Amino acid sequence: MKGKILPVFLIAFFLILISFFAYKNLVWAASWPDNLNFPRVQSRHQWSWNTPFNYDPIRFSKYDHVGLTTVLTDSNGQLPVDFTQELKNQNPNTRTRIYVNPNNTTEDQTYPGHFLFYPGSKLSENIGPDETVITVNSGINFKPGYDGMFGDFTGQNDAEHIRITGVNGNQLTVVRGYKGISTNPSFSPKRSHDKNTYLSIHVSKGQNNSEWYPNWAILCKTGSEKECGPTYKNYLDYKVPIWISSVINSKTDGLKIDNAFGPWIKDDNYDKEDVDINNDGVADGLLVNKLWGEGLLEMYKKLRQGLTDSLIHGNGASPNLYLNGKLYQGWNGNALYVNWARTMSEYLAEMTKSHEPQFVLADSEVYPDRYKEVRLGLAATLMGDGFYGNKGEVGGVAHGPDAWYDEYDNGAGSSLAANIDANQNYLDLFPGTGQRFKQGDEVYLFEENMKVLEVQNDRLIVQRAYMSDYLTSLVEKVKPKQKGTPITHQKGEKVYTIDQVRKGKGYLGRSLSKQNASCTPTSVDSCIRYFTNGVVLVNPLNSPHTFSLNGTYYQIKGTQDSQVNNGKKVSGSVTIPGKDGLILVKNPSLTPTPTTNTEKPGDANGDGKVDGVDYVIWLNHYNQNTSNGVKDGDFNKDGTVDGVDYVIWWNNAL
């Protein structure tokens, strides 16, 4: 026996090394895994951590991509919970990225180079914080109604904005500490400024000067004192390293840049404001737009140089070689309904003109129960290789996990047959689906986890706002003692276990045809794309259209829109209502069956393989007590992760 111990431990040691490096590469790999099938589903934002259920990586493991607006950091900027790592423990294929907004006028700190579009002038004397009449070297560039900003930045929150209300030669009458549309009390404090401090003019959108924008145009890229003043520091050179470090420190796979589009400001707005950046008496709207675009490309280039293998995409960005793609905010309303042909052409161009690997997100902003609109947005996305998600509300920003649909997982799980209030201890499910659940299941609804205490036909008796030991342990590291709170839920809302979703997700398999660039209202017959396990159709017309099929298919047997997802057989042709989409499957048996114990011994992450990733999960929880079973490496489910579990993994490893 002793002779066998050494080889086992040597093998284990090498497996540890292999698993460690494979796992690190897995975390940082920017490319999409080969086994990622369609539909590709994304969470628009994990926008806030306002409930403990937003901390739950198991909940988010159903997504191919998860956007993090903020990461969990303590007062020292450290990660008490590495959310990306925890998420990849559950689903190694999930990719994450961190959000940045370079155009936030309410942030606590104003950065060097912020808003420096227009030359302005210098102070000809020292001024105190309360002086409202100031003298500059030349007042020729200033007009009543313009906004200005002093340029003596020290890296603190000391940038002061002003509103110019009068111009008399070189004397300016101003409103000090002007906040514009910002309601942040610490924004733009009044303070003293020395002689020769530079006063620049903001370019603003519209006649009211109520919105301000950063210096992406890098008009002062020469750094000359004539244009920029002696204290000018390039905005990009200052901010880009911060964004790069945010990706590295958050351990995410990349970066999402908000407001990454341009030219933003229309020429007629420049004309109305008569903005003259070179003081030649001619409004410079076209020039500013040109320089704005150059600035954007320069920003993307610097980011790509610093994040070589990361996923970088922008909200509304035009296709370019530095970004992996763009985010279409308001995919249904702002894009498909406004100009379908242009939107689809641009969307598919993103797949060919962007940096490898292509990473394009389509975000619908519709109410959760508007299934027709969701199908339209998803089916249109499936004409290409993008990632679709609906944040489950109209306008604004979603606060929590996105709504989940039958079309994402081929009808897995169930849905609510009636509304429930926050005090109700039972769920009435879609008829005939109660058998899919069993006592002890942890089920997921929008922003709330529950535990099944009893199954009564199609009624689940549940423990509301259930927090597993695993979730509690994560929350305790960030916000100790925080508890979940029951909320109301609407009829049709999805009810599922993670196991059900994983078995049903990606059911369309691979595409059998290239991305469909010809799907337009004038060539509607081409709005069809075949996959190994089904077909997707979308009708961009306002009226119904009949499509020919290449064989026999079946409608999804779902629980949300029973008029459409009814499991019926479809042969030869199918009629799609106007502005609607449809997913059909080849084999009705693909519809997920009731939950059964199909776990493979030693498979911690549920991907059907027993490999080094599962070993790392076991190692990370070794010698710990857990109620999370195989997900923490407790393969014999005795409540402890120990050597017995290692033997189970070893006996079943590939």
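Scroll up a little and you will see the structure.
In what follows, the accompanying structure is described. (Residues numbered from 1 in each chain as written. Predicted model: local features only at pLDDT ≥ 70, side-chain atom pairs only at ≥ 80, totals over all residues. Heavy atoms only, no water.)

Side note on the overall build of the protein
For step 1, the next point in the chain: Along its length, the protein carries 15 helices and 25 strands.
For step 2, the next point in the chain: Scored against the burial criterion, the 654 residues of the protein give a buried share of 55%.
For step 3, the next point in the chain: Considering only contacts in the protein between residues 6 or more positions apart, those separated by 24 or more positions represent 69%.
For step 4, the next point in the chain: Of the roughly 26700 Å² of accessible surface on the protein, a fraction of 51% belongs to carbon and sulfur atoms. (Helix = DSSP H or I, 4+ residues; strand = E, 2+ residues; numbered from the N terminus. Buried < 20%, exposed > 50% of the residue type's maximum accessible area, 1.4 Å probe, protein only. Contact = heavy atoms within 4.5 Å. Areas by Shrake-Rupley, 256 points an atom, 1.4 Å probe, with all protein chains shown as cover.)

Examining the packing of aromatic side chains
For step 1, the next point in the chain: Tallied over the full model, the rule gives 21 aromatic pairs.
For step 2, the next point in the chain: Their ring planes at 80° and their centres at 6.2 Å tell us that Tyr-328 and Tyr-347 sit as a pair that is edge-to-face. You can see Tyr-328 sitting in strand S12 (residues 325-329) and its partner Tyr-347 sitting in helix H9 (residues 340-353), a full 19 residues away along the chain. As far as the burial class goes, Tyr-328 and Tyr-347 line up, both buried.
For step 3, the next point in the chain: Through a chain of ring-to-ring contacts, three or more aromatic side chains come together here, namely Phe-60, Tyr-63, Phe-83, Tyr-371, Tyr-388, Trp-404, Tyr-405, Tyr-408, Tyr-444 and Tyr-496.
For step 4, the next point in the chain: Directly above the aromatic system of Tyr-426 lies the positively charged group of Arg-459, at a separation of 3.9 Å from the ring centroid. (Phe/Tyr/Trp six-rings, centres within 6.5 Å; stacked < 30°, edge-to-face > 60°. Lys NZ or Arg CZ within 6 Å of the ring centre and 35° of its normal.)

Description of the pattern of salt bridges
For step 1, the next point in the chain: Within the structure shown, the criterion is met by 16 salt bridges.
For step 2, the next point in the chain: In this structure, the salt-bridge partner of Asp-406 is Lys-494, at a minimum N-O distance of 2.5 Å. Residue Asp-406 is found in helix H11 (residues 406-409), and its partner Lys-494 is found in strand S20 (residues 494-495); the two are separated by 88 residues along the sequence.
For step 3, the next point in the chain: Classification of Lys-494 as buried rests on a relative accessible area of 2%. (Salt bridge = Lys/Arg side-chain N within 4 Å of Asp/Glu carboxyl O.)

Examining the environment of Arg-163
For step 1, the next point in the chain: Checked against the element boundaries, Arg-163 lands in strand S7 (residues 161-168).
For step 2, the next point in the chain: Along the chain, Arg-163 and Lys-179 lie 16 residues apart, while their C-alpha atoms are 8.9 Å from each other.

Regarding helix H10 (residues 371-381)
For step 1, the next point in the chain: Counting buried positions along H10 gives nine out of eleven residues, so the element sits mostly inside the fold.
For step 2, the next point in the chain: Every buried residue of H10 is listed here: Tyr-371, Val-374, Arg-375, Leu-376, Gly-377, Leu-378, Ala-379, Ala-380 and Thr-381.

Some points on the pairing of strand S18 (residues 448-456)
For step 1, the next point in the chain: Where strand S17 (residues 442-445) meets S18, four bridges bridge the pair, whose relative direction is antiparallel. Looking across to S18, one finds that Tyr-444 is bridged to Asn-449.
For step 2, the next point in the chain: The antiparallel pairing of S17 with S18 creates a hairpin that spans two residues between the two strands, and Glu-447 there sits at a positive phi of about 65°.
For step 3, the next point in the chain: Both S18 and strand S19 (residues 459-463) contribute to a ladder of five bridges, which runs antiparallel. The residue of S19 that forms the bridge with Glu-454 is Ile-461.
For step 4, the next point in the chain: Once S18 ends, the chain turns through two residues before running back antiparallel as S19, passing Asn-457 with a positive phi of about 55°. (Pairing = 2+ DSSP bridges.)

Observations concerning the environment of Leu-348
For step 1, the next point in the chain: Of note, Leu-348 is situated in helix H9.
For step 2, the next point in the chain: In this structure, the C-alpha to C-alpha distance between Leu-348 and Gly-384, residues 36 residues apart in sequence, is 6.1 Å.
For step 3, the next point in the chain: Not counting residues within four places of it along the chain, the set of residues in contact with Leu-348 comprises Met-383, Gly-384, Gln-515, Asn-516 and Ala-517.

A word on the nonpolar core
For step 1, the next point in the chain: Formed by 90 residues in total, the largest nonpolar core has its most connected members in Leu-255, Ile-257 and Trp-331.
For step 2, the next point in the chain: Broken down by element, the residue count for this core peaks at six residues, all from H10.
For step 3, the next point in the chain: Counting residues in each nonpolar core, the second largest holds 13 residues, with Ile-127, Tyr-146, Phe-150 and Ile-162 among its members. (Core = buried A, V, L, I, M, F, W, Y, C linked by side-chain atoms within 4.5 Å.)

Remarks on empty space enclosed by the protein
For step 1, the next point in the chain: Throughout the structure, instances matching the rule amount to five cavities of 30 Å³ or more.
For step 2, the next point in the chain: The calculated volume of the largest cavity comes to roughly 50 Å³.
For step 3, the next point in the chain: As for the largest cavity, its lining consists of Arg-375, Leu-378, Ala-379, Leu-382, Glu-407, Asn-565, Gly-581, Leu-582 and Ile-583.
For step 4, the next point in the chain: Of all elements in the fold, only H10 and strand S25 (580-585) reach the threshold of two or more residues within the lining of the largest cavity. (1 Å grid on protein atoms, 1.4 Å probe; cavity = no way out; pocket = protein on both sides within 12 Å on 5 of 7 lines; lining within 4 Å. Points joined across faces, edges and corners; volume = space filled by probe spheres on them.)

Notes on the sheet that holds strand S21 (residues 528-531)
For step 1, the next point in the chain: Strands sit in the order S21-S22-S25-S23-S24 across an open sheet of five strands; the sheet is antiparallel. Single-partner strands in this sheet number two, and they are S21 and strand S24 (569-576). Pairs of neighbouring strands in the sheet enclose a mean axial angle of 20°, with direction left out of account.
For step 2, the next point in the chain: Pairing between S21 and strand S22 (residues 534-539): four bridges, direction antiparallel. Directly across from Ile-528, in S22, lies its bridge partner Leu-537. (Axes fitted to C-alpha atoms, helices over the stretch in contact; angles between N-to-C directions.)

Brief notes about the packing of H9 against H10
For step 1, the next point in the chain: The interhelical angle for the contact between H9 and H10, taken along N-to-C directions, is 45°, at an axis separation of 11 Å. Considering the angle they form, H9 stands oblique to H10. Contacts between H9 and H10 involve Trp-340, Met-344 and Tyr-347 from the first element and Leu-376, Ala-380 and Thr-381 from the second.
For step 2, the next point in the chain: Taken together, the residues that form the contact of H9 with H10 break down as five nonpolar, one polar and no charged. (Parallel < 35°, antiparallel > 145°, perpendicular 65-115°, else oblique. Nonpolar A, V, L, I, M, F, W, Y, C, P; charged D, E, K, R; others polar.)

Quick look at the state of the cysteines
Here a disulfide denotes a covalent bond joining the sulfur atom of one cysteine to the sulfur atom of another.
For step 1, the next point in the chain: By the definition in use, this model includes one disulfide.
For step 2, the next point in the chain: In this model, Cys-519 is linked to Cys-527 through a disulfide, with the two sulfur atoms separated by 2.1 Å. Measuring handedness by torsion sign, the sulfur bridge of Cys-519 and Cys-527 sits at about 105° and is right-handed. Side by side, Cys-519 and Cys-527 carry an identical accessibility label, which is buried. (Disulfide = S-S within 2.5 Å.)

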